[in-house]
Amino acid sequence: MLLRHTTKEVKEREGLTINPAKTCQPIGAMYAALGIHGCLPHSHGSQGCCSYHRSTLTRHYKEPVMAATSSFTEGASVFGGQANLLTAIETIFSVYNPDIIAVHSTCLSETIGDDLQQITKKAKDDGKIPEGKHIIYASTPSFVGSHVTGYANMVAGIADQFAVSTGEKKNQINIIAGWMEPSDMREIKRLSTELGVKIVLFPDTSDVLDAPQTGKHEFYPKGGTTVEELKSIGDSTHSLALGCISAEPAAIALEKRCKVPFETLDMPIGISATDRFIMALSQAAGVTVPDEITADRGRLVDIIADMEQYFFGKKVALFGDPDQLIPLTEFLLDLNMKPVHIVSGTPGQRFEKRMKEILVRAPYANFKNGLGADMFLLHQWIKNEPVDLLIGNTYGKYIARDEDIPFIRYGFPIIDRIGHSYFPSVGYTGGMRLVEKILGALMDRQDRDALEEKFELVM
Amino acid sequence: MQSYNNLPDPALVREDLIQKYPTKVAKKRNKSIVINDPETIPEVQANVRTVPGIITQRGCCYAGCKGVVLGPTRDIVNIVHGPIGCSFYAWLTRRNQTRPETPEAENYITYCFSTDMQEENVVFGGEKKLKQAIQEAYDLFHPKSIAIFSTCPVGLIGDDVHAASKEMRDKFGDCNVFGFSCEGYRGVSQSAGHHIANNGVFKHMVGRNNTVKEGKFKLNLLGEYNIGGDAFEIERIFERTGITLVASFSGNSTVGQIENAHTADLNVILCHRSINYMGEMMETKYGIPWMKVNFVGAESTAKSLRKIAEYFGDEELKARVEAVIAEEMPKVKAVIDEIRPRTEGKTAMLFVGGSRAHHYQDLFSELGMTTVAAGYEFAHRDDYEGRHVLPGIKIDADSKNIEELKVTADPELYNPRKSEAELDALKEKGLEINGYEGMMKQMLKKTLVVDDVSHYESERLIEIYKPDIFCAGIKEKYVVQKMGVPLKQLHSYDYGGPYTGFEGAQNFYRDIDRMVNNPVWKLIKAPWQKAENGSSTALEASYVTH
């Protein structure tokens, strides 16, 4: 057994996290910053942070992930990292010439009290930021929240530090992407185009972390929200934040700074959440929903109706990040499945509240988030009440193999399969992909386990 | 050593590599970029701070301590004291394979343990939570050992992981709890973490069990981490030759093996950088000589086995070693004969690790491929130039803070395995006891040696040399491949391996053949994009092309 020491008996733990269902803030900030065109993320801390984050993102995307580090040594840790960051800024602009450096902090720099606002201001005052170039920052202490918090903080930083209110409204809507895949961002843009709505999507990692093989390494790939677009978000008529944890803080920052009204939506995963997204976007823009979108929706409903018997009553355990888990759980309920165990390492009352609303339809479900909500606990729950399907990131494969459960990779990180960055899981077409994956996993299992006389040709 | 004449003028290359840097940075990098001469071996600036912002391959002290050295031992519960990320990122990502003796035997490698430090722990101190975590780990698993690893904030807020460990060790009585001050900011790279790990393993593990294992030729394998099953292949060869492996540091190892390591009669070192301290300390305390070996490359494996047999000086062992080599080599040769016509004359670059960039050159030469440039990520001058430079290495502020254990001969257990005269006789036979010649002696004249290569430099090197294969790690993998050059990961082996020993060499040859001759590299340009002048073969990076 791979996880041979995991016991069935659940004991309360206060000090020890085992097999976490989260990681730390800075990686989220790095991911968000990659969604700005011409931006080089910069990790203000020890070299290991940057190296680990780049490695994890690279394994997930199989793409170049460029980022720099302040390379703290013991001296910097004692005397402060200002000198390191100033050197880094000079080196980066000389060698890599980005349009923007997006600095995020780490547990180290936060513990010693480095003030990124002050240091970046000093860099500007000292003339270290070339004409037309930018430096932005976000405070992302690893000992608060999770990787999702870090993403939210950087996206809020982007909104707060770029948005300008000219006093003249632009006929466009901001869509603030929660932590989603490049494929999902591409799909959001496609849906908006189909609706005929002009949007600014930020951040946007499509054409950054799904770049084509051309024989040339584009250090700053074609994609990413541009500075010009980011400046304009203060003049947009509305903001739609896709995700109450990872996207809403940016919408709040923007409302505060430029008075752009916002609405927070669940990430459009599955039918109901996508319905709400399409309704909200079409209403905000005053457009009617075109037949193509309605037909896409119809196709998804059709598949579910055709295959309903295979979903019914199947127990599912899932783990991952809040803005995915909320609509995914809702979608499983729409499919007539039973989400019985749900775990997320990301803390937050907002998340708990929204999950409770969704789980009114599933009073039997075990749900825990924040401290102590780890994959060890999830595994123990599964041992106590077995499931038919496990959904989560790659680390789930250890539980899936030990317990012989069909497994669908979903979330972050997925480091042993491809597809997540190319095929969306948002929107109705994304829903079709999810349904295909769920059915594939369940029906492969039925085929594997069926007695010879019960082996079905037509399913 | 033959000279290789088709190389670009290395002096011009060096000038090119540093011209874009700010003056101070250029001056510094200039000392880390060296034109090799195996006869004179010029000095390489190594193990110095990385320039902030330059984009380095390097990681941190914690990665070297927990990730590299301690990670592979299966029956220690490794608790990372700090915010969640550090433990998460080191969770199974280094591919340290392990084979527990029984289905029930302890194996925590698949687990990730952390104190998941929160803001309140940073403000008010985290020792209480740490002790609670140790208690919970003990109650849940009753492991033989629990190791604690400090991450950056721990050192700054002053949590004493050593005192907490001792308190819990004394409390339990039957569980060895010990800590490592391996905060990420210590030193200048992973290397500091290796040293700290060596110190801790030596202090808290080695020498705790004096049971003498049966076997005539007993040794420890140092600096082998069983990535991709490398240690399994070496174990197979040892078994065939009648060599007894007492302990491995630390691939496929157990706490019990390491506690018993001082009963071996020889230490053989693979990764000099990460474990040479252990060899030195065991020599001083227990009288066990160490010898640098290399099981990467079929010829190197044969050579290393012969060295070991020579050390033990036993005719029967020598005969068995020769018999095994004679049996294994024809299979190796058959693969080389098949593949070499397709790899002969191709070029490689290796920028990785603290020893791999050296060892893997052997495998490339077996394929008729030339290493045109190489460098380490976190090595020291001795790994480049040889250990004879050790007395001349200046200890700077960053190294000074890494503890040097004061080791003396153990009053009871010190037992020199060879007398001075015997050692001298072995040295005369060409055996390098307690020594290492380094990478540069083996590299061709006018090849380039670059320490802690930056991202910019590596892309520029690819543009200039157009190598057929580039060896580095996951962060570099897809950057280089976007330029149309295959990248072989030498940390994770691209999830393949093993690459050690005779079987491993064959795996490597096949993998390299597959990579450099893969038809995909010819598919990059669409038919309507192929220019008449054949420019589709150019290697480009967007911002370095002149």
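Keep in mind that this is a model prediction, so the values were computed, not measured. Starting from 1, residues in each chain are numbered consecutively following that chain's sequence as written. Note on labels: chains are lettered from A, ligands numbered from 1, in written order. Owing to the predicted nature of the model, reporting of local features is limited to residues with pLDDT of at least 70; listing and counting of side-chain atom pairs is limited to 80 or more, with chain, interface and lining totals taken over all residues.

Engineer: Kindly report on the overall build of chain A, identifying the contributing residues and their values.
Structural biologist: Helical segments are the DSSP runs of H or I of at least four residues, strand segments are the runs of E of at least two, and each set is numbered from the N terminus. On a plain count of helices and strands, chain A comes out with 18 helices and 15 strands. What you see for chain A is a C-alpha radius of gyration of 22 Å, in line with the 23 Å of a compact globule of 459 residues. By principal-axis analysis of the C-alpha atoms, chain A measures approximately 80 × 55 × 45 Å. Exposure criterion: with C-beta atoms placed from backbone coordinates, a residue whose C-beta has 20 or more other C-beta atoms within 10 Å is buried, one with 12 or fewer is exposed, and one in between is partly exposed. Burial analysis of chain A (459 residues in total) assigns 59% to the buried set. Taking contacts inside chain A between residues at least 6 apart in sequence as the whole, the part at least 24 apart equals 74%. Throughout, radius of gyration means the C-alpha value; the globule benchmark is 2.2 Å times the number of residues raised to the power 0.38. For the purpose of contact definition, each residue receives a C-beta atom placed from its backbone, and two residues are in contact when these atoms lie within 7 Å.

Engineer: Explain the overall build of chain B to me, and be specific about the residues and the numbers.
Structural biologist: For chain B, the count of helices and strands is 21 helices and 15 strands. Since a compact globule built from 546 residues should have a radius of gyration of about 24 Å, the 24 Å found for chain B is in line with a globular shape. In chain B, which comprises 546 residues, the proportion classed as buried is 58%. Within chain B, contacts between residues at least 6 apart in sequence are counted, and of these 77% link residues at least 24 apart.

Engineer: Report on the environment of Phe 217 of chain B, specifying residues and quantitative values.
Structural biologist: Among the structural elements, Phe 217 of chain B can be located in the loop between α9 (190-204) and β6 (218-224). Once residues within four sequence positions are removed from consideration, Phe 217 of chain B is found in contact with Gly 242, Ile 243, Thr 244, Phe 312, Asp 314 and Leu 317 of chain B.

Engineer: Talk me through the nonpolar core; I want residue IDs and the actual numbers.
Structural biologist: By size, the foremost hydrophobic cluster in this structure holds 295 residues, and its most contacted members are Val 155, Ile 176 and Ala 250 of chain A together with Met 349 of chain B. The element best represented in this core is helix α7 (residues 147-162) of chain A, accounting for 9 residues. In plain words, the nonpolar core is the set of buried Ala, Val, Leu, Ile, Met, Phe, Trp, Tyr and Cys residues that C-beta atoms within 7 Å link up. Judged by nonpolar contacts, the second largest core, of 9 residues, contains Phe 72, Ala 76, Cys 107 and Leu 108 of chain A.

Engineer: So, the sheet that holds strand β10 (residues 347-351) of chain B: which residues are in play, and what are the values?
Structural biologist: All names here are of chain B. Taken together, 6 strands build an open sheet; the order of strands is β1-β12-β11-β10-β13-β14 and the sheet is mixed. Single-partner strands in this sheet number two, and they are β1 (33-35) and β14 (487-489). On average, adjacent strands in this sheet sit at an angle of 20 degrees to one another, irrespective of strand direction. Strand direction decides the pairing type here: strand β13 (residues 469-472) and β14, joined by 3 bridges, are parallel. Residue pairing in the sheet places Phe 470 in a bridge with Leu 487 of β14. Between N-to-C directions, angles cover 0 to 180 degrees, with each direction set by a line fitted to C-alpha atoms, over the stretch in contact for helices. Here helix α1 (residues 10-18) sits on the sheet in contact with β1 and β12 (448-450), set at roughly 170 degrees to β1. Relative to β14, helix α20 (residues 474-482) is tilted by about 165 degrees, and along the sheet it contacts β13 and β14. A pair of strands is considered paired only if DSSP assigns at least 2 bridges between the two.

Engineer: I'd like a description of the interface of chain B and chain A, backed by residues and values.
Structural biologist: Listed as interface residues are 71 residues of chain B and, on the opposing side, 68 residues of chain A. Per element, the largest residue contribution to the side of chain B that touches chain A is 7 residues, and it comes from helix α6 (residues 127-141) of chain B. Per-class residue counts for the side of chain B that touches chain A are 40 nonpolar, 16 polar and 15 charged. Relative to strand β3 (residues 113-114) of chain B, strand β1 (residues 17-18) of chain A runs antiparallel, the two sharing 2 bridges. Counted as the bridge partner of Ile 18 of chain A is Phe 113 of chain B from β3 of chain B. Under this grouping Gly is polar, as are all residues other than the nonpolar Ala, Val, Leu, Ile, Met, Phe, Trp, Tyr, Cys and Pro and the charged Asp, Glu, Lys and Arg.

Engineer: Give a detailed account of the domain arrangement of chain A, specifying residues and quantitative values.
Structural biologist: All names here are of chain A. In this document the domain limits rely on a domain assignment from an automatic tool or a database. Partitioning chain A into domains gives domain 1 (25-162), domain 2 (173-290) and domain 3 (294-453). Just the C-alpha atoms count here: the centres of domain 2 and domain 3 sit 25 Å apart. Of the residues lining the interface, 27 residues belong to domain 2; the matching set on domain 3 comes to 30 residues. Every element with two or more residues in the side of domain 2 that touches domain 3 is listed here: α8 (182-195) and α11 (270-285). In terms of residue count, α8 provides more of the side of domain 2 that touches domain 3 than any other element does, 7 residues in total.

Engineer: Any chance you could break down the pairing of strand β7 (residues 199-202) of chain A for me, citing the residues and the numbers?
Structural biologist: Residues and elements named next belong to chain A. Side-chain alternation along β7 places Ile 199 and Leu 201 on one buried face and Val 200 and Phe 202 on a second face that is also buried. The pairing of strand β6 (residues 170-177) with β7 spans 4 bridges and is classified as parallel. By the bridge assignment, Asn 174 is partnered in β7 with Val 200. Looking down the strands as they point away from you, a crossover is right-handed if its path from the first strand over the helix to the second goes clockwise. Note on the crossover from β6 through α8 to β7: the handedness is right-handed.

Engineer: How would you summarise the packing of helix α3 (residues 61-70) of chain B against α9 of chain B if you had to cite specific residues and measurements?
Structural biologist: Residues and elements named next belong to chain B. Following both chains from N to C, one finds α3 and α9 inclined at 50 degrees, their axes separated by 6 Å at the closest point. Relative to α9, α3 is oriented oblique. In the packing of α3 onto α9, the handedness of the crossing is right-handed. Contacts between α3 and α9 pair Cys 61, Tyr 62, Ala 63, Gly 64, Cys 65, Val 68, Val 69 and Leu 70 from the former with Gln 190, Ser 191, Ala 192, Gly 193, His 194, Ile 196, Ala 197, Asn 198 and Val 201 from the latter. Taken together, the residues of the contact of α3 with α9 sort by class into 11 nonpolar, 6 polar and no charged. With respect to orientation, any angle under 35 degrees is reported as roughly parallel, any angle over 145 as roughly antiparallel, any angle of 65 to 115 as roughly perpendicular, and every other angle as oblique. Each crossing gets its hand from how the near helix is turned against the far one by less than a right angle, where anticlockwise is left-handed and clockwise is right-handed.

Engineer: Could you give an account of the sheet that holds strand β10 (residues 262-265) of chain A, with specific residues and numbers?
Structural biologist: Residues and elements named next belong to chain A. The 4 strands are arranged β7-β6-β9-β10 in an open sheet whose pairing can be described as parallel. Each edge of the open sheet carries a strand with a single partner, namely β7 and β10. Here the strands of the sheet are splayed against their neighbours by 20 degrees on average, with no regard to which way each runs.

Engineer: Tell me about the environment of Ile 433 of chain B, and name the residues and values.
Structural biologist: Residues and elements named next belong to chain B. As for its placement among the helices and strands, Ile 433 is situated in the loop between α18 (420-428) and β12. A sequence separation of 122 residues divides Ile 433 from Tyr 311, and the C-alpha atoms of the two residues are 9.1 Å apart. Residues contacting Ile 433, with those up to four places away along its chain left out, are Pro 289, Met 291, Leu 423, Leu 426 and Lys 427.

Engineer: Tell me about unusual backbone geometry, and please be specific about residues and values.
Structural biologist: Across the junction of Phe 412 of chain A and Pro 413 of chain A, the peptide omega takes the value -5 degrees, indicating a cis bond. Take Pro 413 of chain A: it is sitting in the loop between β15 (407-409) and α18 (427-449). Residues Gly 497 of chain B and Pro 498 of chain B are joined by a peptide bond in cis, for which omega reads 0 degrees. Tracing the backbone shows Pro 498 of chain B in the loop between β14 and α21 (501-516).

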